[in-house]
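Residue-level structural notes
Each chain, letter by letter, is given below.
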Amino acid sequence: FSMPQTLAQKILQAHTDTPVEQDGQIVQCRVSAVLANDITGPLAIKSFHGMGAERVFNRDRVILVMDHFTPQKDIDSANQVLISRKFAKQSARCRQFASKYDITHFYDVGKMGIEHALLPEQGIVKAGQVIIGADSHTCTYGGIGAFATGMGSTDIAAGMALGETWLKVPPTIRVTITGSMPKWLRGKDLMLMLIGAIGVDGALYKALEFAGPVVDNLSVEGRLCMANMAIEAGAKVGLFAVDVKTRAFCAEHKRPGVTDDLAADPGALYEREVDINVTGKEPVVACPHLPSNVRPVSEVRR
């Protein structure tokens, strides 16, 4: 494609037949994976059947993780939707759906865990993919260079049935992190510093693209942590370029096929650029009642 593209544009371009030419453009994208959990899954399943779907688009690419209420602490948790009492048999509905459609990646008691840690660790998601999930923190997988974003359960139902979805190409904020990384600073601190600078709506329906020498040296786990919190700034996705660390992580976690780097094109146009220098910075804490209420630890130590 002739026009220099941001990382978000480049990944979306690989999953649509429509030329990605500008921010705000609506594109129909093929999805690599569709995720739901034991809260959002039953709502998606209800919509799936309500739209008359008879099969999932690919049993290997629909993922159900019993996360929030599994194992159940009591009968109510096992049999009812705690966020909406009118839907009965919360976990059972997911189990029945997984059995009926022979879902490969169904994680129940004994195999389940925190979904956004589980999927990268199990090699279910990888760099360059487009992943939609019925959970706002699906953006976690941007830490390994995937365009991953949260959606409502009805959109997830359509994704389960069709294997595609529409997306509005998000404008991108480029975040460059430089300086000498202090000993006790981690990815969490870097992300809180950014949110403190731009606010909880500072990246509303935008892509956050992270770069700079500090990012290059950050562990993949640190990148995943930062991408997980992109939604706390209102972002659609949080993205890190695919590099040697990404490839090594994927290879160690059952995804050895990631062989190429993936980054924004030189000359790509950004809506905004934010620079953060971490030299001499101390760890930070988000105080009540917003993630943007960020303070250095020295101010809250008492």
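See the structure above.
Described below are features of the structure shown in this document. What you are looking at is a predicted structure, and each value in this text was computed from that prediction instead of being measured.

On to the packing of helix 9 (residues 220-228) against helix 10 (residues 244-252), then. One way to put it is that helix 9 packs onto helix 10 with a least axis distance of 10 Å and a crossing angle of 95°. Relative to helix 10, the element helix 9 lies roughly perpendicular. Taking contact as the criterion, the partners of V220, E221, R223 and L224 in helix 9 are, on helix 10, K245, T246 and F249. Residues that form the contact of helix 9 with helix 10 fall into these classes: three nonpolar, one polar and three charged.

Here we come to the sheet that holds strand 6 (residues 147-150). Overall, parallel pairing links the five strands, which are arranged 4-3-2-5-6 in an open sheet. Two strands bound the open sheet, and with one partner strand each, they are strand 4 (105-107) and strand 6. Going across the sheet, the axis of each strand differs from the next one's by a mean of 15°, ignoring polarity. Sheet analysis places strand 3 (residues 62-65) next to strand 4, joined by three bridges and oriented parallel. Among the inter-strand pairings, I63 is bridged to a residue of strand 4, identified as H105.

With respect to topology, four strands assemble into an open sheet ordered 10-9-8-11, the strand pairing being parallel. Of all the strands in the sheet, the pair left with one neighbour each is strand 10 (237-240) and strand 11 (272-277). When strand polarity is set aside, the average angle formed by the axes of neighbouring strands in this sheet is 20°. Pairing analysis gives four bridges linking strand 9 (residues 207-211) to strand 10, with the strands arranged parallel. When the bridges of strand 10 are listed, F210 appears paired with F240.

Reading the values: the criteria
- Counting of residues starts from 1 at the beginning of each chain's written sequence and follows it residue by residue.
- Side-chain atom pairs in this predicted model are given and counted only at pLDDT of 80 or more, local residue features only at pLDDT of at least 70, and totals for whole chains, interfaces and linings cover all residues.
- Side-chain numbers here rest on the full set of heavy atoms in the structure, without hydrogens or water.
- In this analysis, axes come from line fits to C-alpha atoms, helices being fitted only over the stretch in contact, and the angle between any two N-to-C directions falls in the range 0 to 180 degrees.
- Think of it this way: any DSSP run of H or I at least four residues long counts as a helix, any run of E at least two long counts as a strand, and we number them from the N terminus.
- Orientation labels follow simple angle bins: below 35 degrees gives roughly parallel, above 145 gives roughly antiparallel, 65 to 115 gives roughly perpendicular, and whatever is left gives oblique.
- By definition, residues are in contact when any of their heavy atoms lie within 4.5 Å.
- Polar here means any residue outside two lists: the nonpolar Ala, Val, Leu, Ile, Met, Phe, Trp, Tyr, Cys and Pro, and the charged Asp, Glu, Lys and Arg; Gly therefore counts as polar.
- Two strands qualify as a pair provided that DSSP identifies no fewer than 2 bridges between them.

The values reported here are purely geometric and, on their own, carry no functional implication.
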